[in-house]
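A look at the structure
For reference, the chains in residue letters:
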Amino acid sequence: MNIDWAALASVFGVSLVVTVALVGLFTLGITGLAKQVPTAQGAGGAGVLVRTGAYACFGLCVAAVAYGIYLIVA
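Predicted model only: the values in this text are computed from it and were never measured. (Residues numbered from 1 in each chain as written. Predicted model: local features only at pLDDT ≥ 70, side-chain atom pairs only at ≥ 80, totals over all residues. Heavy atoms only, no water.)

**Points about the overall build of the chain**
This is how the line gets drawn: Counting from the N terminus, the helices are the DSSP runs of H or I reaching at least four residues and the strands are the DSSP runs of E reaching at least two. With a 1.4 Å probe rolled over the protein chains alone, any residue whose accessible area is under 20% of its type maximum counts as buried; one over 50% counts as exposed, and the rest are partly exposed. For accessible areas, the Shrake-Rupley method is used with a probe of radius 1.4 Å. Any residue's cover is judged against the shown protein chains and nothing else.
Tallying secondary structure elements over the chain gives two helices and zero strands in all. A buried classification covers 9% of the 74 residues belonging to the chain. Accessible area for the chain stands at about 5,800 Å²; split by element, carbon and sulfur atoms hold 76% of it.

Set out below in C-alpha cells:
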C-alpha cells in the first residue's frame, strides 16, 4: 500500500481552510441578524444593509454546501 502524503496534506489543508471560511461566513450572518439598530424611525438604512449582508452570508454558505454536494454526487 502506497500513500501519497502530499495529496493527503493538500486535501487536509483545503478542507481546513474551507471549513474555517464557512464557519466564519455563518458567524457573520448570525451576528448580522442579531444586531438591532434602534433609531427614531425604525431600523433605517443601516439596519437594512446589515440584514442584507447577513442574508448574503447565508446565501454563500448554502451555495458552498450545494457545490460540495454536487461534487460528491456528480
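Picking up where we left off.
**Focus: a nonpolar patch on the surface**
What counts, and what does not: Any residue with relative accessible area above 30% and no salt bridge may belong to a patch, with like charges joined within 9 Å and the nonpolar Val, Leu, Ile, Met, Phe, Trp and Tyr side chains within 5 Å. Here, a salt bridge means any Lys or Arg side-chain nitrogen found within 4 Å of an Asp or Glu carboxyl oxygen.
Judged by side-chain polarity, Met1, Ile3, Trp5 and Leu8 come together as a nonpolar surface patch covering roughly 550 Å² of accessible area. Locating Leu8 in the fold gives a position in helix H1 (residues 5-34). Overall, Leu8 belongs to the partly exposed group, its relative accessible area being 46%.

**A closer look at the environment of Gly53**
Note on placement: Gly53 falls in helix H2 (residues 44-73). Note on Gly53: relative accessible area 31%, which makes it partly exposed. The spacing of Gly53 and Gly32 is 21 residues in sequence and 7.1 Å in space, taken between C-alpha atoms.

**A few points about the state of the cysteines**
Such a bond, covalent and formed between the sulfur atoms of two cysteines, is termed a disulfide. Here is the rule: For the purposes of this analysis, a disulfide is any pair of cysteine sulfur atoms at a distance within 2.5 Å.
Scanning the entire structure with this criterion turns up zero disulfides. For the unlinked cysteine Cys57, the closest cysteine sulfur is that of Cys61, found at 7.0 Å. By relative accessible area, Cys57 is classed as buried at 12%. Residue Cys61 is classed as buried on the basis of its relative accessible area of 8%.

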